[in-house]
Structure formats: structure tokens, C-alpha cells
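Residue-level structure breakdown
The lines below spell out each chain.
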Amino acid sequence: MTGIVYKSTGSWYWVKSEDVLYKCRIKGKFRLKDIKSTNPIAVGDIVDFDLETKNNEETGVITTIHERNNFIVRKSVNLSKQTHIIAANIDQVFLLITINNPPTFTTFIDRFLVSARAYRIDTILVFNKIDSYKIEERGEILYLKDIYENIGYTCIEVSAKENNNVDAIKKIMLGKTSMFVGHSGVGKTTLVNTIDPSLNLKTKEISDQHNQGKHTTTFAEMFDLNLENPNDARIIDTPGIKGFGVVDIDKEELGDYFPEFFALKQDCKFNNCIHVNEPKCAVKDALEADTISWERYKSYLQILEGEEEHYRTDIWEKDQE
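Here is what the cut-offs are and how they apply
Residues numbered from 1 in each chain as written. Predicted model: local features only at pLDDT ≥ 70, side-chain atom pairs only at ≥ 80, totals over all residues. Heavy atoms only, no water. UniProt positions renumbered as here; feature names shortened; annotations may be inferred. Pairing = 2+ DSSP bridges. Helix = DSSP H or I, 4+ residues; strand = E, 2+ residues; numbered from the N terminus. Right-handed = clockwise from strand over helix to strand, strands pointing away. Polar contact = N/O pair within 3.5 Å; in protein donor to acceptor, adjacent residues only side chain to side chain. Contact = heavy atoms within 4.5 Å. Patch = residues over 30% accessible without salt bridge, like charges linked within 9 Å, V, L, I, M, F, W, Y side chains within 5 Å. Areas by Shrake-Rupley, 256 points an atom, 1.4 Å probe, with all protein chains shown as cover. Salt bridge = Lys/Arg side-chain N within 4 Å of Asp/Glu carboxyl O. Lys, Arg positive; Asp, Glu negative; His and termini not counted. Charge placed at Lys NZ, Arg CZ, Asp CG, Glu CD. Buried < 20%, exposed > 50% of the residue type's maximum accessible area, 1.4 Å probe, protein only. Expected span 1.5 Å × (residues − 1). Phe/Tyr/Trp six-rings, centres within 6.5 Å; stacked < 30°, edge-to-face > 60°. Lys NZ or Arg CZ within 6 Å of the ring centre and 35° of its normal. Core = buried A, V, L, I, M, F, W, Y, C linked by side-chain atoms within 4.5 Å.

Taking an unreviewed UniProt entry as the reference, the chain is identified by name as Small ribosomal subunit biogenesis GTPase RsgA belonging to Tenacibaculum piscium. As stated in UniProt under Subcellular location (unreviewed entry), the record for the chain gives "Cytoplasm". In its Sequence similarities (unreviewed entry) section, UniProt records this for the chain: "Belongs to the TRAFAC class YlqF/YawG GTPase family. RsgA subfamily."

Next up, the structure:
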């Protein structure tokens, strides 16, 4: 039998085949077969499986993982040499962003966008909770939208609470497999429930102590959407992500995943310019002319140097002089 993995708990997988969910496990060889990921099978994977009956319970054994069209991967927490595949075979990702409660920083946004672009996955930036922002916070949203819209990303302001622009999200989702990602507490699950109330997924309030969301979604899980015209629309709800480590991107290629850098690459003096110390660099000239974002360049330097998500100060101290 062939089906799609809808849920994974690490040891069991729920595979949907012909509208039936089967509880499946994997053979031991999958854990050893040149797979550096902590999870050899991810939500969205297409798999073959055999059914077996033990103790009057019918379960499946996954025998084959089909080749993936794409996937989203990040470094595993506390396992820097291993990676974690969040989901596979995705048509598009909605990256949820909040200005506060909790804050989403450009370093996180840019790291995710690089990974998604590297695996040819479209990303839509969703600025959530717009009903809760004061004037200065609205200004920050407009500033970020200006940065990302200017380099080709679709940005949508949404309030799941007030059902503002939710229909715009639904329209983009029709006929596609979409994944929702973001920090814990940005309102992913609430937005999913607003899109399709019949799912009735559990949500929790923000933790006042740390201004972060409590982890509600423990594992990534896919759902079929019950819309007026579903057209096979599916959504993958994911656990909140604290940080995002970029995986397996060469330094010489990194700039290609920043669209505004890639557009200028041909104007650099050297074909292998990495836009740091090289003379006659079109990217650095654009920075000095303020035609591309310094925040984005800061993110680029962090990824280039293999840093974790913290601010590099020297370039900014120079910029502020």
C-alpha cells in the first residue's frame, strides 16, 4: 500500500491511504541507512507499507520512502551534527511573524527564508495579531513589509482573532499542501482553527513570565482542510521553533538565496565574491547606498560565519558611526 505520512511521534507514524489512517512503524534499517536526520521519515513523506495483524491489532510496516520533491530541514537542538526534517513535499510555507508577544526577529526570518529558498519552497510572510498593535508597532510591521516585499516576498497582515484577511490565506491554500511555522505563541494553531473551525486544535495562552508561547503542538501534523472547495488542500501545523540553524549551504552559494544579493552578483568584480572583503563588490556598494537592507546583510554574515542566532556587533557599530 502507498500513502502519505500525516503524523509522526518519533516511533509511530500515521499514514493516510485511500482516506484511511493506518498506524505504522519503520524497519530498523531506516535508522541506519545513511540518514543523518533525527527523523528518517517526516510528515508529508510518501511511503509504501505492508499491513500486519498482531494481538488482534492491525498496524503497518513502512518498507519504502519515496523520493522527496523538497523538505524543510534545520539543525537539531543540542545535536549540532544532526538535522531535523520538519516536513516534506510542501507546496508553500506560511511564516507567522509577531512584533511582540512573542517577538520575531529578522535573523530568524532570514534563516528560514534561506532554507526554504534553497529547497525551492515558496514562503508567504504572515504578520499575525495585527489587532493588538499600537501605532509604533504598526510602523515596525510596515517597515518589515517594505523590506520583504521589495525583494519579492508576499506579505499579509492577519488577525485570526478578528478574522481579518483569513480569506486571503484560504484562497492561496486551495489545491496545495501548506505548512505553518513560527515561534511558539505566534498564533499558528489559532489561525488554523480560524481557517477551519472543524479541526478544533488545542491552543494555550502566552506565558507571562517569559513572553513566549507554551508548546501546544508537540509534533508536526497534517490535516485535510474542510473548505467550501478543498481541492485537496492540506495544512501542516508544526511545533513552535525557537531557533533555526541553516543546514548544508556552501559559503559561495549562500548569497544566491538572498534574492537582492543574487540580482547584484553579476556586477561584482569577482565571480566568486562572497560580499565581505572583496573590492568592487556590488552588494557592499548597494549597502552604502541604502538600496538593500542592513538587517538582511547582518543575517547573511551570521549564517556565513556559522554563528547561532545572536547579533554580530562590529558591522553595526561601524554602521552607526
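Some details on the pairing of strand 10 (residues 154-157)
Bridge analysis of strand 9 (residues 122-127) against strand 10 gives 4 bridges, and the strand direction is parallel. By the bridge assignment for strand 10, Leu125 is matched with Cys155. What joins strand 9 to strand 10 is helix 2 (residues 135-149), and the crossover it makes is right-handed.

Let's talk about the side chain of Glu157
Checked against the element boundaries, Glu157 lands in strand 10. Within the structure, the side chain of Glu157 is placed 3.0 Å from the side chain of Lys145, a separation counted as a polar contact. Apart from the residues lying within four places of it in its own chain, the contact partners of Glu157 are Phe127, Ile130, Arg138, Ile141, Leu142, Lys145, Asn164 and Asn165.

Some remarks on a negative patch on the surface
Together, Asp248, Asp250, Glu252 and Glu253 make up a negatively charged patch on the protein surface. By the element assignment, Asp250 lies in the loop between strand 15 (234-237) and helix 5 (251-254). With a relative accessible area of 45%, Asp250 lands in the partly exposed category.

Brief notes about the environment of Met1
Turning to its location among the elements, Met1 is positioned in the segment before strand 1 (2-8). In this structure the C-alpha to C-alpha distance between Met1 and Ser17, which are 16 residues apart in sequence, comes to 7.4 Å. Setting aside residues no more than four positions away along its own chain, Met1 makes contact with Ser17, Tyr22, Val47, Asp48, Phe49 and Leu51.

Looking at the UniProt feature "binding site: Zn(2+)" (unreviewed entry) in the chain
When the UniProt feature table is mapped onto this chain numbering, "binding site: Zn(2+)" (unreviewed entry) sits at Cys268, Cys273, His275 and Cys281. Along the chain, Cys268 falls in the loop between helix 6 (259-262) and helix 7 (282-288). Aside from chain neighbours lying at most four places away, what touches Cys268 is Cys273, His275, Lys280, Cys281, Ala282 and Val283. Residue His275 is classed as buried on the basis of its relative accessible area of 4%. Once residues lying within four places of it in the same chain are set aside, the contact partners of His275 are Phe261, Cys268, Cys281, Val283, Lys284, Tyr297 and Tyr300.

Thoughts on helix 1 (residues 106-118)
Taking 1.5 Å of rise per residue, the 13 residues of helix 1 would be expected to cover 18 Å, and the 18 Å separating its terminal C-alpha atoms lies within 8% of that figure. Counted residue by residue, helix 1 has 12 buried out of 13 residues, so it is predominantly covered.

So, the packing of aromatic side chains
By the definition in use, this model includes 9 aromatic pairs. With centroids separated by 5.0 Å and ring planes inclined at 15°, the aromatic side chains of Phe258 and Phe261 adopt a geometry described as stacked. Given the relative accessible area of 0%, Phe261 is considered buried. One aromatic cluster is present, formed by Phe258, Phe261, Trp294, Tyr297 and Tyr300 through successive ring pairs. One residue, Lys23, lies across the ring of Trp12, its end atom 4.5 Å from the ring centre. The ring of Phe71 carries the charged tip of Arg68 above its face, separated from the ring centre by 5.6 Å.

Looking at the nonpolar core
If you look at the biggest cluster of nonpolar residues, it comprises 57 residues, and the most contacted ones within it are Ile72, Leu125, Tyr148 and Met179. Broken down by element, this core gets its largest block of residues, 7 residues, from helix 1. Core analysis: the second largest hydrophobic core is formed by 22 residues, Ala160, Ile169, Met173 and Ile195 among them.

Some points on unusual backbone geometry
Residue Arg120 is not a glycine yet carries a positive backbone phi of 60°. Within the element layout of this structure, Arg120 appears in the loop between helix 1 and strand 9. Of note, the phi angle at Asp290 is positive, near 60°, even though the residue is not glycine. Locating Asp290 in the fold gives a position in the loop between helix 7 and helix 8 (294-304). Relative accessible area serves as the criterion here: at 57%, Asp290 is assigned to the exposed category.

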